[in-house]
Amino acid sequence: MAALVVLGARLTRAGGRLRFLSVVVGCALAVALLTLAWELPEAMFPAGPDPLMVDPLRGPVATTLAVIAAPVVALILAVGRLSSEVRDRRLGALVLLGLGRRGVLLVAAVEILVPALLGSALGVGVFLLLRVVLTAVAAPVLAQPIAVGESLAVVGAAVVALAAVLALAPVRRLRGLGAGVFEAAVLRPSLWRLTPLPIALGLILAVYVTPPDHVSVRTGYALFGAAVAAAATVALSVPLLTSWIARMLARGRATWVMLAGRSMETHGVAISRRVTALGVTTFIAFVAIGYLGLYESSGVRASYVHQVEEGPQEISVSSPGEQPVPADLIERLAALPAVEGVIPRPTVSPASCVARDGVCPRVFVGTCSQLALVAAVSGCVDGRAAWITHADAPDDLFAHLWEVDAAHAPTRVGLSIGVTGESFSARVDSVLTQDVRATMDRWWHPQRIDLFVPSSIARENGAPEPPSVNVIASAGGEVRGDVERLAEEYGMQVFAPAMPDYEQVVTMRVTVWTVVGASIAVALLVFVVASIDRARARRRGRARLVAVGIPARILRGSQALATAVPLATAIAMALGLGWTALAALMRLDASQRAGLPVDGSALITVCVVITIGALTASLATLPLTRSRIRPEDLRHE
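**A look at the overall build of the protein chain**
The helix and strand tally for the protein chain stands at 21 helices and 11 strands. For the protein chain, buried positions account for 47% of its 637 residues. Restricting to contacts in the protein chain with at least 6 residues of sequence separation, those with at least 24 account for 84%. Split by element, the accessible area of the protein chain, about 30300 Å² in all, is 63% carbon and sulfur.

**As for the sheet that holds strand β10 (residues 468–473)**
By definition, the strands of a sheet pair up through backbone hydrogen bonds, in either a parallel or an antiparallel sense. The 4 strands lie next to each other as β2-β10-β1-β11, forming an open sheet whose pairing is antiparallel. Two strands close off the open sheet at either side, each with one partner strand: β2 (339–344) and β11 (493–495). Neighbour to neighbour, the strand axes of the sheet diverge by 25 degrees on average, direction disregarded. By the bridge criterion, 3 bridges tie strand β1 (residues 313–318) to β11 in an arrangement that is antiparallel.

**Topic: a nonpolar patch on the surface**
Side chains of V124, L128 and V148 sit close together on the surface and give an oily, nonpolar patch of about 200 Å² of accessible area. Tracing the backbone shows L128 in helix α6 (residues 101–137). Exposure remark for L128: the relative accessible area of 37% places this residue in the partly exposed category.

**Overview of helix α17 (residues 477–489)**
The end-to-end C-alpha distance of α17, which contains 13 residues, comes to 19 Å, matching closely the 18 Å that a straight helix rising 1.5 Å per residue would cover. What α17 keeps buried is the set V479, R480, G481, V483, L486 and A487. Once α17 finishes, G491 follows within two positions and takes phi at roughly 70 degrees, a positive value.

**Brief notes about the confidence of the model for the protein chain**
The share of residues in the protein chain with pLDDT of 70 or more is 77%, and the mean pLDDT across the chain is 76. Highest mean pLDDT in the protein chain belongs to helix α13 (residues 368–374) (89); lowest belongs to helix α14 (residues 409–412) (50). Scored below 50 in pLDDT, residues 176–182 shows 8 contacts in the model against residues more than four places distant or in partner chains. For the stretch residues 354–358, pLDDT sits under 50, and the model shows 7 contacts to residues farther than four places along the chain or on other chains.

**Some points on the side chain of T439**
Its place among the elements puts T439 in helix α15 (residues 436–440). A residue is classified by how much of its surface remains accessible, and T439, at 2% relative accessible area, is buried. Ignoring sequence-local partners within four residues, the contact set of T439 consists of V374, A375, A376, Q434 and P446.

**Description of the environment of W256**
For W256, the position within the fold is in helix α10 (residues 255–296). Spatially, the C-alpha atom of W256 lies 4.7 Å from that of S558, the residues being 302 residues apart in sequence. Beyond its immediate chain neighbours, meaning those up to four positions away, W256 contacts I554, G557, S558 and L561.

**Points about the side chain of Q370**
Mapped onto the secondary structure, Q370 falls in helix α13. Here V342 takes part through its backbone oxygen, which lies 3.2 Å from a polar atom of the side chain of Q370. If we skip the residues at most four places from it in the chain, Q370 touches V342, I343, P344 and F364.

**Looking at helix α8 (residues 196–208)**
The end-to-end C-alpha distance of α8, which contains 13 residues, comes to 18 Å, matching closely the 18 Å that a straight helix rising 1.5 Å per residue would cover. Among the residues of α8, P196, A200, I204 and V207 are the ones counted as buried. For α8, the arc enclosing every buried residue in end-on projection is 65 degrees, short of the 170-degree limit, so these residues lie on one face. Exposed side chains of α8 directed beyond 90 degrees from the buried face belong to P198 and L205.

**Re the packing of α6 against helix α7 (residues 150–168)**
As a packed pair, α6 and α7 sit with axes 9 Å apart at the nearest point and diverge in direction by 150 degrees. Classed by the angle they form, the pair α6 and α7 counts as roughly antiparallel. For the element pair α6 and α7, the recorded crossing hand is right-handed. Residues L105, A108, A109, I112, L113, A116, L117, S120, V124 and F127 of α6 touch α7, and the partners they reach there are L152, G156, V160, A163, A164, A167 and L168. Of the residues that constitute the contact of α6 with α7, the class distribution is 15 nonpolar, 2 polar and no charged.

**Regarding the packing of helix α2 (residues 16–44) against α6**
Where α2 meets α6, the axes come as close as 6 Å, and the angle between the chain directions of the two elements is 45 degrees. Looking at the two axes, α2 sits oblique to α6. By crossing handedness, the relation of α2 to α6 is classed as right-handed. Its residues assigned to classes, the contact of α2 with α6 shows 19 nonpolar, 4 polar and 2 charged.

**A word on the state of the cysteines**
Tallied over the entire structure, the rule returns 1 disulfide. For C368, the disulfide goes to C380, at an S-S distance of 2.0 Å. On the sign convention where negative means left-handed, the S-S torsion of about -80 degrees between C368 and C380 marks this disulfide as left-handed. Highlighted residues: C368 in helix α13 and C380 in the loop between β5 (377–378) and β6 (385–391), separated in sequence by 12 residues. By relative accessible area, C368 is classed as buried at 14%. Assessed through its relative accessible area of 23%, C380 is described here as partly exposed.

What counts, and at which threshold
- Residues numbered from 1 in each chain as written.
- Predicted model: local features only at pLDDT ≥ 70, side-chain atom pairs only at ≥ 80, totals over all residues.
- Heavy atoms only, no water.
- Helix = DSSP H or I, 4+ residues; strand = E, 2+ residues; numbered from the N terminus.
- Buried < 20%, exposed > 50% of the residue type's maximum accessible area, 1.4 Å probe, protein only.
- Contact = heavy atoms within 4.5 Å.
- Areas by Shrake-Rupley, 256 points an atom, 1.4 Å probe, with all protein chains shown as cover.
- Pairing = 2+ DSSP bridges.
- Axes fitted to C-alpha atoms, helices over the stretch in contact; angles between N-to-C directions.
- Patch = residues over 30% accessible without salt bridge, like charges linked within 9 Å, V, L, I, M, F, W, Y side chains within 5 Å.
- Salt bridge = Lys/Arg side-chain N within 4 Å of Asp/Glu carboxyl O.
- Expected span 1.5 Å × (residues − 1).
- pLDDT = per-residue confidence, 0-100.
- Polar contact = N/O pair within 3.5 Å; in protein donor to acceptor, adjacent residues only side chain to side chain.
- Arc of directions from axis to C-beta.
- Parallel < 35°, antiparallel > 145°, perpendicular 65-115°, else oblique.
- Left-handed = near helix turned anticlockwise from the far one by under 90°.
- Nonpolar A, V, L, I, M, F, W, Y, C, P; charged D, E, K, R; others polar.
- Disulfide = S-S within 2.5 Å.

Below, the structure written as structure tokens:
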């Protein structure tokens, strides 16, 4: 056995420095990234003795960080198969010489374990370095230091084991030198590669048909299983789909197209393996960006984001003792540069709610210009009270909450209604119309106003000044600070959009984009290393084509096409499955508005970065496509 271990250690040189260093670097990055993904949620949102006191953002952040495992696994798979042709031929020679299967597996295991163990040890140092950097850079979002504990040992062992399993899987098929396939042999990927597709679509359909009020833990498991199956579909189906496209290209009349098709037919799996991580990363990015949009547009968070980033925002200033807000304070607030207007907030409601089936209409007391700040209403006249009907309310805004009995509205015209709270009566002699969609262009969750009472009528009837006012201002934190400082001078209370909720959104954004960025970086690293290895492995085949007179430009064109087809296929599969998964996820939240909550510009940016990165890596390997022949390029072991 000692001799086999020594033989395995020597075999590490079979793939050259590229394979050895790639396995070391790949395992080091895997250990560092996976350990960070494990420990960061605990450092950001520590789990206390009471589970109910844990920050609700911990779950989404932990789930988002966990998806970094997908491109990391692709990285380990890629580096484990780099420059493996020479290794496989030499292992096949051992089989031909009579070495048993266990002995061959032992030699192969030692060959991969030597660099994997070295990389795992190096990954510990990389993790410690990243821990120091993150502690300094992300100190405001860390509730406690990033721990160094058993997770580091567990991840290190898991990475080494995974690298060994993925690298040894092809070795089990070795039967000696005679079992090797010819370089020109056409290998048809099996239809079994499509097995995860119906699983993913079935689970997505199960989630899609689940009513929002029937969501349970099983629904979450189904959604997670659908995401895993979809990622596996992207990874496994691309070689099969590429082989179908290659059959058509191989019949092309152009030489470079025919060569590209033939190359994909004979080496489709190896070519597609380069883009696996890019395809999986595109799927992850689509779902992550969609989930971020879903998170931001859920509940009151959407309103806070809209007010803080886009505007306008509504800031409430009130008297702690129910005393009227001083008139000079209102004037000073209205004079602030970013303030659009100040609206009084009297506590009023109609004396009778019978006409609205027990639901009291909401009353707005003010001027038409003040009403225009919060609602797109037509036909308003100062000095004339009016009922307000609501037109064009979207279904996803629960239109039944906006309905006004239009058939009875004309009967209200000309009636006098009593308004409680301020103890006065107002004569209603007109009807206004609020355009809900136009209001939504300005406010994410617009107010519902059913009755407009001019402030002049309220003053004529002796109504007291309101104990609170709403300040309508443009977006930004500066005006918020100005309002708070003025209110403090008068001893007033201020309520503004909750910053902790907005800070949660910012934290989620940073997490999502960190994961997406790290995934893209890892996927491009896989592509670069695999492209270099592929160019070196095909060096002799290209040399033979050059020897028979094929120009270098045709070889480069065929290489570019053989890269572009699998890449486009992987991205198309990722976007399609990502869209279906996100559509199912949206069904679980009944408060969502119509349309996928995906930032189109962000998604396009991700796809462009991936495409440009892959194109740049491909161009960087073109010099390896030599137009001159060296004697060693025509040799074959």
